[in-house]
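# Coordinate analysis (summary)
Here are the chains, one letter per residue:
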Number of protein chains: 2
Amino acid sequence: MRLQQAVPKPLTPFLGLTLIERIIQSLKQKGITEVVIVTGYLSSEVIEKLNESKTGIKLTFIENPEWEKGNGVSALRAKPVLENENFLLLMCDHLFYPDMLEPLSGGSDKSAMWIDRDMDNVFDIDDATKVRLEGKVPGKIGKNLKDFDAVDCGIFYCTNEIFAALERTVSEGKFQLADAVQYLADKGRLDIVDATGKFWIDIDTGKSLRYAKKRVLDSLSKPTDGAISRLFNRRLSKHITCQLVKTGISPNTVSVIAFLLTFFSSVVFAFGERLYLLIGGILVQFSSILDGCDGEIARLKFISSRYGTFLDSVLDRYADSLVIFGLAYGYWRSHGDFLVWALGFFALAGVFAFSYTNARYEAIFETPEQIKVPLRRDMRLLIIAVGAVTNQVLITFLILAALTNIEILRRMIVVRRLLS
Amino acid sequence: MRLQQAVPKPLTPFLGLTLIERIIQSLKQKGITEVVIVTGYLSSEVIEKLNESKTGIKLTFIENPEWEKGNGVSALRAKPVLENENFLLLMCDHLFYPDMLEPLSGGSDKSAMWIDRDMDNVFDIDDATKVRLEGKVPGKIGKNLKDFDAVDCGIFYCTNEIFAALERTVSEGKFQLADAVQYLADKGRLDIVDATGKFWIDIDTGKSLRYAKKRVLDSLSKPTDGAISRLFNRRLSKHITCQLVKTGISPNTVSVIAFLLTFFSSVVFAFGERLYLLIGGILVQFSSILDGCDGEIARLKFISSRYGTFLDSVLDRYADSLVIFGLAYGYWRSHGDFLVWALGFFALAGVFAFSYTNARYEAIFETPEQIKVPLRRDMRLLIIAVGAVTNQVLITFLILAALTNIEILRRMIVVRRLLS
């Protein structure tokens, strides 16, 4: 089923942004400072929406009333604005992760097309533009090639030769961009950028849109995610995020809500009886899941901020303290055992010293993958949740205190070996 | 009184290093990778000592048996090694802070002499080599100039023209470096580097040695020092450091000792009675003073390390926890009041969240001077010490919890304004 055309395709909602906003943000993230947009169907709606949404990048609009002829005609419309510089040419319906643009360093004097050699990565191979390679350059290009080596990803690096090619092919009644690209290839003026292994997708149908959303949601994990996050929390948080992102709620508001939920759990814990611990334990685990959503929303909408990270991390520390305090108080209230305060103190000190050493510890390593940090917050909150649900407060504190402090000792040894 | 010559002058002990080691380390800190040393009096002792002490820099020794003739003869001895490159020429008895070498960027084709226009900064003006300027270049140079604008700091940037000048002046029977420098100045081949306002000193007498030690000790404060450090702790810690540095104790050992002292205070606190609080309070304040010594020793010996900083900061966090725990336990033991645990918890959480936010918070600002951070560890330990000595545990916790958490709130607001 083709996508409904109630909204123009570039404005198709995609996880908190529209398709075209997502592409613009991906470009911006890679250092592009200006985007020229050739509009077609429902042009004024597209222009209005993009002018409203603060993309933080210079946008130039060119309307093309003849958009139905073919995308070659649309591309040619950009000639007056772009004929004096090299540029990237993209489709509003080809999504990709920003890393797709990474080979883009050092301008070549030839145009180039991004290709993918992995056919399993192509969502709809029938609809794709195929490429037969001749050595290291494109030979034949077209949708109906039988014998091909790769697929066109819908991203082109263009010198102004593209406009001469477009003028030639359009004048011959061939209105597709692929025709002009074929022309360049025939003249030996086209290189390839091999993007095999990277994620991109041509969004043409409802099915491809759903698949793209799934892939983008899956990409929201962070390399520093702990095991519990990876195996459990993220799988749930991404569905929550998927809903939250539609409401327009800000990541910082979600941080505050997750904090308040943990605070509420600690109040529940403070009652001390078994039932309260059970409820509190479930709430804590849910707050742990929700704690992933703020970052996910920020990454989906390309609005990650240093302030947001700072806010989230400080709130997390307070939430950690409150949960431990609530558990200790509840236990003391119902058992009157001083020992809970002593263990609670050392659990709190361990948890805090753990977070404290984290930033510095991680800064020592070059890539996040090198850091084997057990006991991240996802794991610690799970220990607390399980401890509360099973009504084992003292043992929970003992485990937390022991594990965090042993981990810190391990870090000291690692750092000593690496740095001294 | 001239310095005793029991050891050769370069080996004069100076706060944990010898004079020449300190100069070599200052050079190393500024990126110099090789030092050529012309030795004179007790040459073999100097060479032996420097070969033993791991300076971490390439050293080349040239012995000059004719050292008594004059320092021009010594400088000329370096010709075979240095005639093909530009270099810095320094005296083994002229101390300076490494920042003295900062104008050293971009090689000039002319030699240059470092000068100081501030006569009040010159320790022994009678013994100094004076300089009369002609416009922006040196005119007359000599110890006995009556009319002068500046003083020679004993640091020179040299092209190989210096060797030609030395050969000429030495052949004329003028054996001082100043003679060759005068020769270059006469030929218009000498620039100045204006080091006015920076610290340097020609160490010639016991008095100048003592003054130099005092100045270097005073420079051990850090721009991030809190008020209590600046006004009180550093004034005592530098005297302790001055003694410790002679023993060869490592900075990390001092960190551990300061930690153990705080741990011991917390044990004393745990007894809870008034007299113990009094003793513990005094011990805590002493540990706070000792806590400055590790960094001071490291800076004096140029052995600051990232591991050392890491170790010290982690130990500080544990020490903070232990002291609060000790106070809480002692109070609970003698008063049986649960409230102390609640307040202790919030004090600990506040103190820890304070340290946690510190690193990030400080990273936001460009210079340490822009950061107005109250409540650093010096202040927090003083609050604890005073609270213990006056037997006001609950109020101490209340103050700590309130002040730290208010400060964190303030930081959140500042960061939000700056970053979002």
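These figures come from a predicted structure and were not determined experimentally.

Helix and strand counts for chain A stand at 15 helices and 12 strands. The buried share of chain A, taken over its 420 residues, is 54%. In chain A, 74% of the contacts between residues at least 6 apart in sequence involve partners at least 24 apart. Of the roughly 19100 Å² that chain A leaves accessible, carbon and sulfur atoms contribute 56%. Distance from the positive charge centre (50 side chains) to the negative charge centre (48 side chains) of chain A: 5 Å.

Attention now goes to helix α9 (residues 251–269) of chain B. Between its first and last C-alpha atoms α9 of chain B spans 27 Å; for 19 residues at 1.5 Å apiece the expected length is 27 Å, and the two agree. Its buried side turned inward, α9 of chain B meets α8 (227–247), α10 (274–290), α11 (293–300), α12 (306–335) and α14 (377–389) of chain B.

Now for the relation of the copies chain B and chain A. It takes a turn of 180 degrees to lay chain B on chain A, together with a shift of 0.1 Å along the axis; the resulting RMSD is 0.1 Å. Taken together, the rotation and translation describe the operation of a two-fold axis. By C-alpha distance to the rotation axis, the residue of chain B lying nearest is Tyr356 of chain B, at 2.6 Å. Of the residues that chain B buries at the interface, 100% are likewise interface residues in chain A, meaning the two copies contact each other through the same surface.

In this section: α14 of chain B. All names here are of chain B. For α14, spanning 13 residues, the distance from its first C-alpha to its last is 18 Å, which sits close to the expected 18 Å at 1.5 Å a residue. Listed in full, the buried residues belonging to α14 are Arg377, Asp378, Arg380, Leu381, Ile383, Ile384, Ala385, Gly387 and Ala388. Residues of α14 that are buried make contact with α8, α9, α10, α12, α13 (339–364) and α15 (393–419). Phi turns positive, to about 65 degrees, at Asn391, one or two residues after α14.

Time to look at unusual backbone geometry. Unlike most non-glycine residues, Leu42 of chain A shows phi in positive territory, near 50 degrees. Considering the arrangement of structural elements, one finds Leu42 of chain A in the loop between β3 (34–39) and α2 (43–52). Overall, Leu42 of chain A belongs to the partly exposed group, its relative accessible area being 31%. The backbone of Leu15 of chain B shows a phi angle near 50 degrees, a positive value even though the residue is not glycine.

Turning to the interface of chain B and chain A, a few remarks are in order. The interface of chain B with chain A comprises 40 residues on the first partner and 41 residues on the second. Counting the contacts that link chain B with chain A gives 0 salt bridges. Taken together, chain B and chain A are joined by 4 residue pairs in polar contact (both at pLDDT 80 or more). For the side of chain B that touches chain A, the elements supplying multiple residues, two or more each, are α12, α13 and α15 of chain B.

Residues and elements named next belong to chain A. For the pair helix α9 (residues 251–269) and helix α11 (residues 293–300), interaxial distance at closest approach is 8 Å and the crossing angle is 175 degrees. Here α11 runs roughly antiparallel to α9, going by the angle between their axes. Each of Pro251, Val254 and Ser255 in α9 lies in contact with α11, whose residues at this interface are Cys293, Asp294, Ile297 and Ala298. Split into classes, the residues belonging to the contact of α9 with α11 amount to 5 nonpolar, 1 polar and 1 charged.

All right, on to the domain arrangement of chain A then. All names here are of chain A. Under the domain assignment, chain A is made up of domain 1 (9–214) and domain 2 (220–419). Taken together, the contact pairs 8 residues of domain 1 with 5 residues of domain 2. Taken together, both faces of the contact between domain 1 and domain 2 bury some 650 Å²; the carbon and sulfur share is 70%. The interface formed by domain 1 and domain 2 includes 0 salt bridges.

A few words on the packing of aromatic side chains. Under the defined criterion, the tally for this structure stands at 33 aromatic pairs over all chains. Each ring, one from Phe352 of chain A and one from Phe352 of chain B, has its centre 5.2 Å from the other, and the planes form 15 degrees; the classification is stacked. A residue pair is termed interchain when its members come from two chains, as with Phe352 of chain A in helix α13 (residues 339–364) and Phe352 of chain B in helix α13. A relative accessible area of 2% places Phe352 of chain B in the buried class. Cation over ring: Lys130 of chain A sits above Phe148 of chain A, and NZ or CZ is 6.0 Å from the ring centre. One residue, Arg411 of chain A, lies across the ring of Phe354 of chain A, its end atom 4.2 Å from the ring centre.

Glancing now at the nonpolar core. Core analysis: the biggest nonpolar cluster contains 100 residues, and Ile324, Ile384 and Phe397 of chain A together with Ile384 and Phe397 of chain B have the highest contact counts within it. In this view, Phe397 of chain B contacts Ile324, Leu327, Ala328, Val340, Leu343, Gly344 and Ala347 of chain B; residues no more than four positions away in its chain are not counted.

All names here are of chain A. Their axes nearest at 8 Å, the elements helix α8 (residues 227–247) and helix α10 (residues 274–290) cross at an angle of 70 degrees. Viewed along their axes, α8 and α10 adopt a mutual orientation that is roughly perpendicular. Here α8 and α10 pass one another in a crossing that is right-handed. Of α10, the residues touching α8 (which contributes Phe232, Asn233, Leu236, Ser237 and Ile240) are Gln285, Phe286, Ser288, Ile289 and Leu290. Taken together, the residues of the contact of α8 with α10 break down into 6 nonpolar, 4 polar and no charged.

Turning to the pattern of salt bridges, a few remarks are in order. As enumerated under the stated definition, the model contains 52 salt bridges over all chains in all. Two residues, Asp204 of chain B and Lys9 of chain B, come together in a salt bridge whose shortest N-O distance is 2.8 Å. In this pair, Asp204 of chain B sits in the loop between β12 (200–202) and α7 (206–218) while Lys9 of chain B sits in the segment before β1 (13–14), placing the two residues 195 residues apart along the sequence. With a relative accessible area of 10%, Asp204 of chain B lands in the buried category. If you follow the salt bridges from partner to partner, you end up with Asp291, Asp316, Arg317, Asp320, Arg377 and Arg380 of chain A in one network.

Residues and elements named next belong to chain A. Relative to strand β4 (residues 58–63), β3 is paired through 6 bridges, and the arrangement is parallel. Along β4, the bridge assignment pairs Thr39 with Glu63. Regarding topology, α2 serves as the crossover connection from β3 to the parallel β4, and that connection is right-handed.

Residue and element names in this part refer to chain B. In this structure, Ser265 sits in helix α9. With relative accessibility at 0%, the residue Ser265 sits in the buried group. In this view, Ser265 contacts Gly280, Leu283 and Val284; residues no more than four positions away in its chain are not counted.

Here is what the cut-offs are and how they apply
Residues numbered from 1 in each chain as written. Chains lettered and ligands numbered in written order. Predicted model: local features only at pLDDT ≥ 70, side-chain atom pairs only at ≥ 80, totals over all residues. Heavy atoms only, no water. Helix = DSSP H or I, 4+ residues; strand = E, 2+ residues; numbered from the N terminus. Buried < 20%, exposed > 50% of the residue type's maximum accessible area, 1.4 Å probe, protein only. Contact = heavy atoms within 4.5 Å. Areas by Shrake-Rupley, 256 points an atom, 1.4 Å probe, with all protein chains shown as cover. Lys, Arg positive; Asp, Glu negative; His and termini not counted. Charge placed at Lys NZ, Arg CZ, Asp CG, Glu CD. Expected span 1.5 Å × (residues − 1). Least-squares fit on C-alpha atoms with pLDDT ≥ 70 in both. Salt bridge = Lys/Arg side-chain N within 4 Å of Asp/Glu carboxyl O. Polar contact = N/O pair within 3.5 Å; in protein donor to acceptor, adjacent residues only side chain to side chain. Axes fitted to C-alpha atoms, helices over the stretch in contact; angles between N-to-C directions. Parallel < 35°, antiparallel > 145°, perpendicular 65-115°, else oblique. Nonpolar A, V, L, I, M, F, W, Y, C, P; charged D, E, K, R; others polar. Domains from an automatic or database assignment. Buried area = accessible area lost by both parts, 1.4 Å probe. Phe/Tyr/Trp six-rings, centres within 6.5 Å; stacked < 30°, edge-to-face > 60°. Lys NZ or Arg CZ within 6 Å of the ring centre and 35° of its normal. Core = buried A, V, L, I, M, F, W, Y, C linked by side-chain atoms within 4.5 Å. Left-handed = near helix turned anticlockwise from the far one by under 90°. Pairing = 2+ DSSP bridges. Right-handed = clockwise from strand over helix to strand, strands pointing away.

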